[in-house]
Amino acid sequence: MGLKPSGEMYLETIYILSQKKSSVRSIDIAEHMNYSKPSVSRAVGQLKSAD
């Protein structure tokens, strides 16, 4: 089963931010994507638990 487009968008954002910083936090992703921190935290949690 593949990753949903939204998951790919999060991974792409994490990759882009990781090129600029040594560590990427949920708040960094939220600011970059203009999303709320709780939304990002939930999505990152889902990515972590994806098989």
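Within every chain, residues take consecutive numbers counted from 1 along the sequence as written. The model is predicted, so local features are restricted to residues of pLDDT at least 70 and side-chain atom pairs to those at 80 or more, both for listing and for counting; the totals for chains, interfaces and linings are taken over all residues. Derived side-chain values reflect all non-hydrogen atoms in the structure, with water molecules and hydrogen atoms excluded from consideration.

Peer 1: Explain the pattern of salt bridges to me, using residue names and the numbers behind them.
Peer 2: In the sections that follow, a salt bridge refers to a side-chain nitrogen of Lys or Arg positioned within 4 Å of a carboxyl oxygen of Asp or Glu. For the structure on display, the rule yields two salt bridges. Ionic pairing is found between Lys 21 and Asp 28, a salt bridge with its closest N-O pair at 3.1 Å. Relative accessible area serves as the criterion here: at 36%, Lys 21 is assigned to the partly exposed category. As a salt-bridge pair, Asp 28 and Arg 25 come within 3.1 Å of each other at their nearest N and O atoms. A single network of salt bridges, built from pairs that share partners, joins Lys 21, Arg 25 and Asp 28. To sort residues, take the accessible area from a 1.4 Å probe on protein chains only and compare it with the maximum for the residue type: under 20% means buried, over 50% means exposed, and anything in between is partly exposed.

Peer 1: Pulling in residues and values, what's your account of helix H3 (residues 37–49)?
Peer 2: To qualify as a helix, a DSSP run of H or I must reach at least 4 residues; to qualify as a strand, a run of E must reach at least 2; elements of each kind are numbered from the N terminus. What a helix is expected to span follows from its residue count: subtract one and scale by 1.5 Å. In this model, H3 (13 residues) spans 18 Å end to end at C-alpha, consistent with the 18 Å of a helix rising 1.5 Å per residue. Here H3 has its buried residues at Val 40, Ala 43 and Val 44. Buried residues in H3, looked at end-on, bunch into an arc of 100°, giving them a common side. Exposed residues pointing more than 90 degrees away from the buried face of H3 are listed as Pro 38, Arg 42, Gln 46 and Ser 49. Within this analysis, the arc is defined by the directions that extend from the helix axis to the C-beta atoms.

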